[in-house]
Amino acid sequence: MELALSITMGLESGTEPAREEAALVAACRRGDEDAFARLVRRHEKRVFRLAGRFFRQPEEVEEVAQQTFLTIWQKLDTYRAKAPFEHWLTRVCLNCCYERLRKQKVRSEPLDEDYAAASSEPTARLEVERLLEVLPATDRFILLLLHGEEWSVAEIAERLGWSRANVKVRAHRARKKLRQLLAEEL
Amino acid sequence: MNCAQVRKLLAEEGSDVPGVEIRDHLDECPGCARFAERLKLAAEILRNHQSGTEPDAGFATRVVAALPTSSADLLGWAAMRLLPATLALALVLTVWALAATPSPTSLVEQALGDDLWSWILDSPGGES
Ligand SMILES: [Zn+2]
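Values in this document were obtained by computation on a predicted structure and should not be read as measured data.

**Q** What am I meant to see in the packing of helix 4 (residues 58-74) of chain A against helix 5 (residues 85-104) of chain A here?
**A** Two quantities define a packed helix pair, namely the angle between the axes and the distance from one axis to the other. All names here are of chain A. The geometry of helix 4 relative to helix 5 is characterised by a closest axis approach of 9 Å and an angle of 130° between their N-to-C directions. What the angle tells us is that helix 4 and helix 5 run oblique. Relative to helix 5, helix 4 is oriented so that their crossing is right-handed. Residues E60, E63, V64, Q67, T68, F69, T71 and I72 of helix 4 form the contact with helix 5, whose own contacting residues are F85, W88, L89, V92, C93, C96, C97, R100 and Q104. For the contact of helix 4 with helix 5, the class distribution of residues is 10 nonpolar, 4 polar and 3 charged.

**Q** I'm lost on the interface of chain A and chain B in this one. Help?
**A** On the chain B side, the residues contacting the 49 residues of chain A number 35 residues. Summed over both sides, the interface between chain A and chain B buries roughly 3,900 Å², with carbon and sulfur atoms accounting for 63% of that surface. Scanning the region where chain A abuts chain B turns up 4 salt bridges. Measuring nitrogen to oxygen at the nearest pair gives 3.2 Å for the salt bridge that ties R125(A) to E44(B). Elements with a contribution of two residues or more to the side of chain A that touches chain B: helix 3 (33-51), helix 4, helix 6 (124-134), helix 7 (137-148) and helix 9 (164-182) of chain A. A per-class count over the side of chain A that touches chain B returns 25 nonpolar, 6 polar and 18 charged.

**Q** Just checking my understanding: could you explain the coordination of the zinc ion for this structure?
**A** Ideal geometry at a metal centre: 109.5 degrees between donors when four sit tetrahedrally, and 90 or 180 degrees when six sit octahedrally. Residues and elements named next belong to chain B. Coordination of the zinc ion by the protein involves C3 (SG), H25 (NE2), C29 (SG) and C32 (SG), with metal-donor separations of 2.1 to 2.4 Å. Bound by 4 donor atoms, the zinc ion shows angles of 102 to 113° at the metal and therefore tetrahedral coordination geometry. Along the chain, the residues donating to the zinc ion are arranged with the sequence spacing C-x21-H-x3-C-x2-C. Of the two residues, C3 is situated in helix 1 (residues 3-13) and C32 in helix 3 (residues 30-48); the sequence distance between them amounts to 29 residues. On the accessibility criterion, C32 (0% relative accessible area) is buried.

**Q** Before we go on, may I ask you to explain the domain arrangement of chain A in this structure?
**A** Where interface size is quoted, it is often the accessible area lost as the parts come together. Residues and elements named next belong to chain A. For chain A, the assigned domains read domain 1 (17-104) and domain 2 (115-186). Between the C-alpha centres of domain 1 and domain 2 the distance comes to 25 Å. The partner domain 2 presents 14 residues to the 11 residues of domain 1 that form the contact. Between domain 1 and domain 2, roughly 1,200 Å² of surface is buried when both sides are summed, and carbon and sulfur atoms account for 66% of that area. Among the residues of domain 1 in contact with domain 2, R53, L94 and Y98 are the three that bury the most area, contributing 47% of the side total. Across the domain 1-domain 2 interface, the total number found is 1 salt bridge. For E149, the salt bridge is made with R53, and the minimal N-O distance between the two is 2.7 Å.

**Q** Can you walk me through the packing of helix 3 of chain A against helix 5 of chain A in this structure?
**A** Residues and elements named next belong to chain A. Interaxial distance between helix 3 and helix 5 falls to 10 Å at its minimum, and their mutual angle equals 45°. By the angle between their axes, helix 3 is oblique relative to helix 5. Read as a crossing pair, helix 3 and helix 5 show a hand that is right-handed. Contacts between helix 3 and helix 5 involve L39, H43, R46, V47, L50 and A51 from the first element and F85, E86, L89, T90, C93, L94 and C97 from the second.

What counts and how
Residues numbered from 1 in each chain as written. Chains lettered and ligands numbered in written order. Predicted model: local features only at pLDDT ≥ 70, side-chain atom pairs only at ≥ 80, totals over all residues. Heavy atoms only, no water. Axes fitted to C-alpha atoms, helices over the stretch in contact; angles between N-to-C directions. Helix = DSSP H or I, 4+ residues; strand = E, 2+ residues; numbered from the N terminus. Parallel < 35°, antiparallel > 145°, perpendicular 65-115°, else oblique. Left-handed = near helix turned anticlockwise from the far one by under 90°. Contact = heavy atoms within 4.5 Å. Nonpolar A, V, L, I, M, F, W, Y, C, P; charged D, E, K, R; others polar. Buried area = accessible area lost by both parts, 1.4 Å probe. Salt bridge = Lys/Arg side-chain N within 4 Å of Asp/Glu carboxyl O. Donors = N, O, S within 2.8 Å, 3.2 Å for Na, K, Ca; no water. Tetrahedral: all angles 85-135°; square planar, octahedral: opposite > 155°, others 65-115°. Buried < 20%, exposed > 50% of the residue type's maximum accessible area, 1.4 Å probe, protein only. Domains from an automatic or database assignment.

Right under this line is the structure:
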C-alpha cells in the first residue's frame, strides 16, 4: 500500500520540486546526460520497488530498472507534461516488467526464494507457492497488481495505459486460473 | 450453494469475511475449507512478493553509460550495425563491376573488329 501511495502521489505542479523536475526533464530532452543522471537518482528507488514486485533476483530487478530508464531517455520526446512525470515513469516501468514477464512465459524460479531449500516441507504455504509457480507470468502480473499493489481494475488500466475492458478480461482470466490451480487435488 | 459456486465467490470477492451462506458451506465441506485457506495464503504470498532490491550508488552512472547518445557511441553503434551491410554491398558491387567490365581479350577482339570494318569502309575498293 505504501508503494501504491508513493506511486500515485505525483509532485504538485507549481511547487519548487515540480519546477525542478520540469527543468530536469527539459534538460534531458536537450541531451543533457548529467541532468538525466539526476533524474535517475530521483526516481531509482521507486522503479526498483516496482520492478521488485515482479522479479525476485536483484540482477533482474536492476535490468528492468535500467530498461525503464533507457526507454524513458529514448522516448522523452513523446512525454507530454500534462500528467506528472512519475505517472509516465510508472507506466513505462510496468510495461517493461510486463514485456519481460511475457517473454519469460514459464517461471524459472519459485515465488519464494526459501521454497527451493525447504521444498520437502509439505506445509500448506509451500503447496500454494508451488501452485502459484505454475501460473502463466502474465496472469501473475495482473494478480500482483491486484493483490500486491491493491490496485483496482480501473487503476491498473490507467497506470498501464490499457483499456479497462482489457484489464477486466485479463483479471477475470487470471483469477479463474488461480481458482482452478488452487482447487487442484482437493 | 454447491462447491463450484462457493469457490467462485470466494475467489472473485477476495473478501476475508465470507457471507453466512458461504461460512455454513465451509463448516461442512473440508475441500472448500482447504480451498479458502489456500486462497488466503495465495493472496498473502502475492501481497508480500517483493524483492527488496535497492539501487546501489553507481546505478545512475551505469544507466548513463548505457545511453546510446554521445557521438562516439553513435559512431560505434552505426559501425557495428552498418558493417555487415557495408561489406555485403561492397561484395555485390565488386561482383557487378567484374561482370560488367569487359575482359582484356574481348577488348582487343573488339578493337580489331572495329579496325577491320573501318579498313573495309575506308578502302578505295569499298567506295567504288
Ligand atoms: Zn464445497
